[in-house]
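Residues per chain, in single letters:
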Amino acid sequence: MRNTGFRRTFVAIGVCSSLALAATACGSGDDDAANGKTRITVNCEPPKSAKVDRRFFEADIASFEKQNPDIDVVAHDAFPCQDPKTFDAKLAGGQMEDVFYTYFTDAKHVVGINQAADLTPYLKDLKSYDSIQKQLRDIYTVDGKVYGIPRTGYSMGLIYNRALFQKAGLDPDKPPATWDEVRAAAKKIAALGDGTVGYADYSAQNQGGWHFTAELYSQGGDVVGADGKKATIDTPQGRAVLQNLHDMRWTDDSMGSKQLLVINDVQQMMGSGKLGMYLAAPDNIPILVKEKGGNYKDLALAPMPGGEGTLIGGDGYMFSKKASPEQIRAGLKWLDHMFLTPGAGFLGDYARAKKNDAPVGLPEPRLFSGAADAKDQQAKKANANVPVENYQAFLDGNQRLRMKIEPPNAQQIYSVLDGTVSAVLTKKDADIDQLLKDASGKIDSILARS
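The present account deals with the structure reproduced in this document. If you're wondering where the values come from, they're calculated on a predicted model, not measured in any experiment. (Residues numbered from 1 in each chain as written. Predicted model: local features only at pLDDT ≥ 70, side-chain atom pairs only at ≥ 80, totals over all residues. Heavy atoms only, no water.)

### Observations concerning the overall build of the protein chain
Within the protein chain, the secondary structure is distributed over 18 helices and 13 strands. By its C-alpha atoms, the protein chain is 70 × 50 × 40 Å across when sized along the principal axes. Looking at the 450 residues of the protein chain, the share that counts as buried comes to 59%. For the protein chain, the share of sequence-separated contacts (at least 6 apart) that also reach a separation of at least 24 residues comes to 77%. Carbon and sulfur atoms make up 49% of the accessible area of the protein chain, which amounts to about 18,500 Å² in all. In the protein chain, 53 side chains carry a positive charge and 56 a negative one; their mean positions are 2 Å apart. (Helix = DSSP H or I, 4+ residues; strand = E, 2+ residues; numbered from the N terminus. Buried < 20%, exposed > 50% of the residue type's maximum accessible area, 1.4 Å probe, protein only. Contact = heavy atoms within 4.5 Å. Areas by Shrake-Rupley, 256 points an atom, 1.4 Å probe, with all protein chains shown as cover. Lys, Arg positive; Asp, Glu negative; His and termini not counted. Charge placed at Lys NZ, Arg CZ, Asp CG, Glu CD.)

Structure (structure tokens):
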């Protein structure tokens, strides 16, 4: 659901610019050889407006081509990395790049419409594959075949303001671990007055449905059954999510009177020091500091309350069905160089990031496992420029949580659940049982059509 991308705060989509069109077609219909080289088109290059990231990306491509003089990489840029409104049309029209950006939730869909190359026979050309976390690799594995390579991953947690915790008499080194503890902490923080809000949540633009899903996962529930055919929100876990929001909003008055909030509203509240807690991924933290006036020392991250599960997401690259074997091999080598070498490359060169005032030391993305993860974390720690101790609870707690991706037809389902969450937060007498029943029926209809 959330925006993901460069330095975890910026994203770009690869679509053909006029200059790119003059030089080469946009999709994998390009000649795969130029001057005896294998040519690959790739997307998600940062746009020129993101000057530092663009410079890094171009430098990394240049170093790759120097090391692999038989490969020519043609990168396409724009914003964002993937536009859901044009994604399917580009695939169907043969206009997608040879190596193209996808969200985790795209994987099965792209395979289902027969637009992804099977990478299984070529995995030996990807040195890093076995070092990537298995749960992330599995997202791009369909019926035993590998169709994509993860690039980043994130999981939701609880961002909280250490300064407000201290002011309210709470221990900032012991963040809430249950939703009852969140409610109790929110009440104490709201009691500080002066417009301070204890806990905030989204309830518009599909973001309310997204957070409902995360909160449901945290209590051990699911939005859709394992067979993908029926909603599973009209459950004790679903009621617990809505009842907790209702009680914080109306009984405790710890969520403030302004509702129908979206991510920018809540980030502004947290950055200004007027909010105690909200759910987010680690990439929110630099946004809160650089764009919203926050301070790294005051911002901390805990695992999802509830102790059962957390919503995960992220992105990766898939390959066009039209890509030749030579292009697939070249593309896999490019992914190794750009994104999948611990402590190096576009997202992993922490020394370079630190020199350019990018945050280093956030607990995610955490892509690797075993020795590769240890090497990556060591490089990150050596160049950290944020208070890593503020995120230790998140790192420790996440190890015990079930990791779940977003449900199928996520955006349509989130639109339904937006109405459910907003009703609870704007109507004191909202009938939770009826809301869940109505939402379940609508979700069942969405699933029946898919």
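### Here we look at the packing of helix α17 (residues 410-426) against helix α18 (residues 432-449)
Closest axis-to-axis distance for the α17/α18 pair is 9 Å, and the angle between their directions is 170°. Put simply, α17 runs roughly antiparallel to α18. Only Ile432, Leu435, Ala439, Lys442, Ile443, Ile446, Leu447 and Arg449 of α18 make contact with α17, whose side of the interface consists of Gln412, Ile413, Val416, Leu417, Thr420, Ala423 and Val424. For the contact of α17 with α18, a count of residues per class yields eleven nonpolar, two polar and two charged. (Axes fitted to C-alpha atoms, helices over the stretch in contact; angles between N-to-C directions. Parallel < 35°, antiparallel > 145°, perpendicular 65-115°, else oblique. Nonpolar A, V, L, I, M, F, W, Y, C, P; charged D, E, K, R; others polar.)

### With respect to the packing of aromatic side chains
Per the counting criterion, the structure on display carries 13 aromatic pairs. On the numbers, 6.3 Å between centres and 55° between planes, the contact of Phe87 with Phe100 is tilted. Of this pair, Phe87 sits in helix α3 (residues 84-92) while Phe100 is found in strand β4 (residues 99-103), placing the two residues 13 residues apart along the sequence. Across the pair, Phe100 and Phe87 agree in class, each one buried. (Phe/Tyr/Trp six-rings, centres within 6.5 Å; stacked < 30°, edge-to-face > 60°.)

### So, the pairing of strand β2 (residues 37-45)
Across the nine residues that make up β2, a large majority, eight, are buried. For β2 and strand β3 (residues 71-77), the ladder comprises six bridges, and the chain directions are parallel. If you follow Ile40 over to β3, its bridge partner there is Val73. Chirality of the crossover, the property in question, places the unit of β2, helix α2 (residues 51-67) and β3 among those that are right-handed. (Pairing = 2+ DSSP bridges. Right-handed = clockwise from strand over helix to strand, strands pointing away.)

### Looking at the environment of Pro150
On the secondary structure map, Pro150 appears in strand β7 (residues 148-155). Considered as a pair, Pro150 and Leu335 are 185 residues apart in the sequence and their alpha carbons are 9.6 Å apart. Once residues lying within four places of it in the same chain are set aside, the contact partners of Pro150 are Phe104, Ile132, Leu136, Arg137, Tyr140, Asp315, Gly316, Leu340 and Leu367.

### Some details on the pairing of β4
Of all five residues in β4, four are buried, a share of seventy percent or more. Inspection of the sheet shows β4 paired to strand β12 (residues 309-319) by five bridges, in the antiparallel sense. Bridge pairing links Phe100 to Met318 in β12.

### Focus on the sheet that holds strand β11 (residues 299-303)
Within the open sheet, the four strands sit side by side as β9-β10-β8-β11. Their pairing is mixed. Edge strands, defined here as strands with exactly one partner in the open sheet, are β9 (197-199) and β11. In this sheet, adjacent strand axes meet at a mean angle of 25° when their direction is disregarded. With two bridges joining them, β9 and strand β10 (residues 275-280) adopt parallel strand pairing. Bridge pairing links Val197 to Leu275 in β10.

### Overview of the state of the cysteines
Using the criterion set out here, one finds one disulfide in the structure. Between the sulfur of Cys44 and that of Cys81 lies a disulfide, 1.9 Å long from S to S. Note on the Cys44 and Cys81 pair: the S-S dihedral is about 60°, so by sign convention the disulfide is right-handed. In this pair, Cys44 is assigned in strand β2 and Cys81 in the loop between β3 and α3, connecting sequence segments 37 residues apart. When its relative accessible area of 0% is taken as the criterion, Cys44 is described as buried. According to the relative accessible area criterion, Cys81 is buried, its value standing at 2%. (Disulfide = S-S within 2.5 Å.)

### Quick notes on the packing of helix α9 (residues 236-251) against α18
Where α9 meets α18, the axes come as close as 10 Å, and the angle between the chain directions of the two elements is 130°. Taken together, the axes of α9 and α18 are oblique relative to one another. The two elements α9 and α18 meet at a crossing, and its hand is right-handed. Listed contacts from α18 to Gly238, Arg239, Leu242, Gln243 and His246 of α9 are Ile432, Asp433 and Leu436. Looking at side-chain class alone, the contact of α9 with α18 contains three nonpolar, three polar and two charged residues. (Left-handed = near helix turned anticlockwise from the far one by under 90°.)

### A word on α18
The terminal C-alpha atoms of α18 lie 26 Å apart, and with 18 residues this matches the ideal 26 Å at 1.5 Å per residue to within 8%. The inward-facing, buried residues of α18 contact α8 (207-218), α9 and α17. Where α18 begins, one side-chain oxygen reaches toward the backbone nitrogen of Asp433, 3.2 Å away; that side chain belongs to Asp431. (Expected span 1.5 Å × (residues − 1). Polar contact = N/O pair within 3.5 Å; in protein donor to acceptor, adjacent residues only side chain to side chain.)

### Remarks on the nonpolar core
One finds Tyr199, Phe212, Ile233, Leu245, Met277 and Tyr278 to be the most contacted residues of the largest nonpolar core, which totals 74 residues. The biggest single contributor to this core is α17, with nine residues. With 53 residues, the next largest nonpolar core counts Ile61, Leu91, Phe100 and Leu123 among its residues. (Core = buried A, V, L, I, M, F, W, Y, C linked by side-chain atoms within 4.5 Å.)

### Here's the deal with the environment of Met277
Tracing the backbone shows Met277 in strand β10. Accessibility expressed as a relative area gives 0% for Met277, which makes it buried. Sequence-wise, Met277 and Met255 are 22 residues apart; in three dimensions their C-alpha atoms are separated by 9.9 Å.

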